[in-house]
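Observations on chain architecture
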Amino acid sequence: MLYRISVRTRGRVDFQDITGTVSETIKSSGMQSGICHIFVPHTTAGVTINEHADPSVVEDIMAQLDKMVPQHGGYRHLEGNSPAHIKASLVGSSQTLFVDEGRLVLGTWQGVFLCEFDGPRNRSLLIKIIPDSTHG
Amino acid sequence: MLYRISVRTRGRVDFQDITGTVSETIKSSGMQSGICHIFVPHTTAGVTINEHADPSVVEDIMAQLDKMVPQHGGYRHLEGNSPAHIKASLVGSSQTLFVDEGRLVLGTWQGVFLCEFDGPRNRSLLIKIIPDSTHG
Amino acid sequence: MLYRISVRTRGRVDFQDITGTVSETIKSSGMQSGICHIFVPHTTAGVTINEHADPSVVEDIMAQLDKMVPQHGGYRHLEGNSPAHIKASLVGSSQTLFVDEGRLVLGTWQGVFLCEFDGPRNRSLLIKIIPDSTHG
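An account of the accompanying structure is given in this report. (Residues numbered from 1 in each chain as written. Chains lettered and ligands numbered in written order. Predicted model: local features only at pLDDT ≥ 70, side-chain atom pairs only at ≥ 80, totals over all residues. Heavy atoms only, no water.)

Some words on empty space enclosed by the protein
For the structure on display, the rule yields one cavity of 30 Å³ or more. In this structure, the largest cavity spans a volume of roughly 300 Å³. Lining of the largest cavity is provided by 23 residues; of these, Val91(A), Ser94(A), Ser94(B), Ser94(C) and Gln95(C) occupy positions nearest its centre. For the lining of the largest cavity, the secondary structure elements donating two or more residues are α3 (82-91) and β5 (94-100) of chain A, α3 (82-91) and β5 (94-100) of chain B together with α3 (82-91) and β5 (94-100) of chain C. The residue makeup of the lining of the largest cavity, split by class, is six nonpolar, 17 polar and no charged. (1 Å grid on protein atoms, 1.4 Å probe; cavity = no way out; pocket = protein on both sides within 12 Å on 5 of 7 lines; lining within 4 Å. Points joined across faces, edges and corners; volume = space filled by probe spheres on them. Helix = DSSP H or I, 4+ residues; strand = E, 2+ residues; numbered from the N terminus. Nonpolar A, V, L, I, M, F, W, Y, C, P; charged D, E, K, R; others polar.)

Dropping the structure here:
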């Protein structure tokens, strides 16, 4: 089952908490046990897993990525969004999560974030749910 | 099949070689061919694949991450472990490995490491093993 | 189904576009719907997804990684290729892609790249294709 979900991002750089969206997708699928793959079909956005209890954590991640990949740095790509492309490759385009007893398996502090690096925009999120085979 | 394994880490930053642990888990499952997903349910730890023949390689990775994400850098998160969170998102929370003829498929020099960025601690490692479907 | 493909890289650092190779592997497998995992069995190379329309994008990624992980930086590993190992862990060794209606699901601008960080060399690329179970 492949789901396509829209996510609205709010700033040039913006980590949107999609944990609830992913959880609801799993619930609606009825899957009890298996794998949930998340894929971001964009080259200036990504997906990461990190703390979602204190919002200052993702603010620190965004700020440090801005320091590591400066907004103006003599880049060759003429569109001016090379830093966003570079951050996307650092953070990655996909995440793999486990589902057990109908629920996403996450650590106490973990949430899932769509990472916007060249927004604000409407982004797509692809979620593929793979139930454990009863023959496995 | 979902396995939960405990790993004791030894320093503030510490890459623990878990290649043997993962291999033994696969062996005990009896799976001959399929996928092995590894997931770290923590926000200040991660998992990576790199050389495990010469321990100076992971020492260099840990040292360079410390340079890229300084321990003191005007972070907002008050717990003081923002660098650990940032490194976790750079390295990633999961890895996907192949299993063939009952064995982990790795390159000659590759090993799997649990990456501690805010230790020492007792960490959990989740391993999910997905046999190839005979109907695939 | 596990495929092993050879890729020749051309420079010390070189992102080789493997999108066509991956697409052809999927086509030859006959799979209509499922998952495609890509794994690089090397410790000084990786795999990433980013824009492949304008080649200046990956040039900017390679150049910024060179800035973030300098070629000479007081590394301990005596082979002199620590920067390549570090970059491999930043970019990652695997990618997970979706297949739908017999085709790789990618965003408009996305391509798949084997990331050489210590070339030129002959590299291997492992591709595992997992059809959706009809029992799923």
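Topic: the sheet that holds strand β3 (residues 34-39) of chain A
Residues and elements named next belong to chain A. Ordered by their spatial adjacency, five strands build an open sheet running β1-β8-β3-β5-β6, and the pairing between neighbours is antiparallel. Each edge of the sheet is formed by a strand with only one pairing partner; in this case those strands are β1 (2-8) and β6 (103-105). Sheet twist, expressed as the mean angle between neighbouring strand axes with direction ignored, is 35 degrees. Pairing analysis gives six bridges linking β3 to β5, with the strands arranged antiparallel. The partner of Ile 35 across the bridge, within β5, is Phe 98. (Pairing = 2+ DSSP bridges. Axes fitted to C-alpha atoms, helices over the stretch in contact; angles between N-to-C directions.)

Re the interface of chain B and chain C
Taken residue by residue, the interface counts 34 residues in chain B and 31 residues in chain C. Of the roughly 2,500 Å² buried between chain B and chain C, counting both surfaces, carbon and sulfur atoms make up 59%. For chain B, the biggest contributors to the area lost against chain C are Asp60(B), Gln64(B) and Phe98(B); these three give 23% of the whole. In this structure, the connection of chain B to chain C is made through two salt bridges. At the boundary of chain B with chain C, the tally comes to 15 residue pairs in polar contact (both at pLDDT 80 or more). Looking at the side of chain B that touches chain C, the elements with two or more residues in it are β3 (34-39), β4 (45-51), α2 (56-68), α3 and β5 of chain B. It is α2(B) that provides the largest number of residues to the side of chain B that touches chain C, a total of nine residues. (Contact = heavy atoms within 4.5 Å. Buried area = accessible area lost by both parts, 1.4 Å probe. Salt bridge = Lys/Arg side-chain N within 4 Å of Asp/Glu carboxyl O. Polar contact = N/O pair within 3.5 Å; in protein donor to acceptor, adjacent residues only side chain to side chain.)

Remarks on the sheet that holds strand β2 (residues 14-17) of chain C
Residue and element names in this part refer to chain C. If you trace the three strands from one edge of the open sheet to the other, you get β2-β7-β4, paired in antiparallel fashion. With one partner strand each, in any of the chains shown, β2 and β4 (45-51) form the two edges of the open sheet. Averaged over all neighbouring strand pairs, the angle between strand axes comes to 35 degrees, with direction disregarded.

Structural notes on the interface of chain A and chain C
On the side of chain C, 34 residues touch chain A, which itself brings 31 residues to the contact. In total, about 2,500 Å² of surface goes out of reach between chain A and chain C, with carbon and sulfur atoms giving 59% of it. Seen at the junction of chain A and chain C, the total is two salt bridges. Between Asp132(C) and Lys128(A) there is a salt bridge, with its nearest N and O atoms 3.0 Å apart. Joining chain A to chain C, the criterion identifies 15 residue pairs in polar contact (both at pLDDT 80 or more).

Some remarks on helix α1 (residues 19-29) of chain B
All names here are of chain B. Residues of α1 that are buried include every one of Thr 19, Val 22, Thr 25, Ile 26 and Ser 29, and no others. Around the axis of α1, the buried residues are gathered within 130 degrees of arc, so they sit on the same side. Of the exposed residues in α1, those oriented more than 90 degrees away from the buried face are Glu 24, Lys 27 and Ser 28. Downstream of α1 by one or two residues, Gly 30 has phi in the positive range, about 80 degrees. (Buried < 20%, exposed > 50% of the residue type's maximum accessible area, 1.4 Å probe, protein only. Arc of directions from axis to C-beta.)

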